[in-house]
Amino acid sequence: MVHQVSTIVLEVDLACSRCKDKIKKVLCKNRERYQIQEEIYDEKNNTVIVSGQFCHKKLAEKLCCKAGNVIKCIKIIEKKPPIDPEPPSLPPPPSPSPSPSPSPSPSPSSRLRRRLLLQILLVWWFLIFLRLNQIVKIKVRDEEDEEEEEEDERERERE
């Protein structure tokens, strides 16, 4: 599937060498997979502009996952295709009364962070469940061993 040229602006502390190296490393590793064509590092504004033919949502999610603590903010710039001018035919209809605007949705980075925290929480609970399951199995084995020992003692007494 061919995507339009998309642009993502990342706010990163480029004065920090660790942050700068991390974002360069993550972008370099994903250059071919997401068809990143251009990376512009603006140290004055602490931004990295990434453009190419990629799905901006998928790349933003991947960047947030791989370099989440380095990236302060992710802005997606959508370029709308130019509209062909049409000959004026009818006057535009009267504009409807302004409707109340919906509440702003959370930014993609906050949604991704919530999703990541949820996944971490689920893994944590799963690990606790497995550990508890092992403890229960150990207790059950101990009880079974005790029962077998008691049966062996009873058989020895009978002999």
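Residues numbered from 1 in each chain as written. Predicted model: local features only at pLDDT ≥ 70, side-chain atom pairs only at ≥ 80, totals over all residues. Heavy atoms only, no water.

Peer 1: Quick question: what am I supposed to make of the packing of aromatic side chains here?
Peer 2: Geometry of an aromatic ring pair is reported as the spacing of the ring centres plus the angle between the planes. A full pass over the atoms with the stated rule returns zero aromatic pairs. Stacked on the ring of Tyr 41, the Lys or Arg Lys 24 has its end atom at 5.4 Å from the ring centre. (Phe/Tyr/Trp six-rings, centres within 6.5 Å; stacked < 30°, edge-to-face > 60°. Lys NZ or Arg CZ within 6 Å of the ring centre and 35° of its normal.)

Peer 1: Can you walk me through helix H1 (residues 17-29) in this structure?
Peer 2: Because each turn of an α-helix spans 3.6 residues, side chains separated by three or four positions in sequence point in the same direction. Between the first and last C-alpha of H1 there are 18 Å, a value that for 13 residues agrees with the 18 Å anticipated at 1.5 Å per step. Residues of H1 that are buried include every one of Cys 19, Lys 20, Ile 23, Val 26 and Leu 27, and no others. Considered in projection along H1, the buried side chains sweep an arc of 135° and stay on one side of the axis. Pointing more than 90 degrees away from the buried face of H1 are the exposed residues Ser 17, Arg 18, Cys 28 and Lys 29. Elements that come into contact with the buried residues of H1 comprise strand S1 (6-12), strand S2 (36-42), strand S3 (47-52), helix H2 (56-67) and strand S4 (71-77). (Helix = DSSP H or I, 4+ residues; strand = E, 2+ residues; numbered from the N terminus. Expected span 1.5 Å × (residues − 1). Buried < 20%, exposed > 50% of the residue type's maximum accessible area, 1.4 Å probe, protein only. Arc of directions from axis to C-beta. Contact = heavy atoms within 4.5 Å.)

Peer 1: It is not clear to me how the nonpolar core should be interpreted in this structure. Could you clarify?
Peer 2: The nonpolar side chains of soluble globular proteins are, as a tendency, buried together. Counting 22 residues, the largest nonpolar core has Leu 10, Val 12, Val 50, Leu 59 and Ile 71 as its most contacted members. Mapped by element, the contributors of at least two residues to this core are S1, H1, S3, H2 and S4. Counting residues per element, this core draws most heavily on H2, which supplies five residues. Contacts of Leu 10, omitting those with residues within four sequence positions, involve Ile 23, Asn 46, Thr 47, Val 48, Val 50, Leu 63, Ile 71, Cys 73 and Ile 74. (Core = buried A, V, L, I, M, F, W, Y, C linked by side-chain atoms within 4.5 Å.)

Peer 1: How should I be thinking about a nonpolar patch on the surface in this particular structure?
Peer 2: Judged by side-chain polarity, Leu 118, Leu 121, Leu 122, Trp 124 and Trp 125 come together as a nonpolar surface patch covering roughly 560 Å² of accessible area. With respect to the helices and strands, Leu 118 occurs in helix H3 (residues 108-158). Relative accessible area serves as the criterion here: at 49%, Leu 118 is assigned to the partly exposed category. (Patch = residues over 30% accessible without salt bridge, like charges linked within 9 Å, V, L, I, M, F, W, Y side chains within 5 Å. Areas by Shrake-Rupley, 256 points an atom, 1.4 Å probe, with all protein chains shown as cover. Salt bridge = Lys/Arg side-chain N within 4 Å of Asp/Glu carboxyl O.)

Peer 1: I'm lost on H2 in this one. Help?
Peer 2: For H2, with twelve residues, the first-to-last C-alpha span of 16 Å sits near the 16 Å given by 1.5 Å per residue. Along H2, the positions that sit buried rather than exposed are His 56, Leu 59, Ala 60, Leu 63, Cys 64 and Ala 67. Along H2, the residues classed as buried sweep out an arc of 135° about the axis, all on the same side. Within H2, the exposed residues directed more than 90 degrees away from the buried face are Lys 57 and Lys 58.

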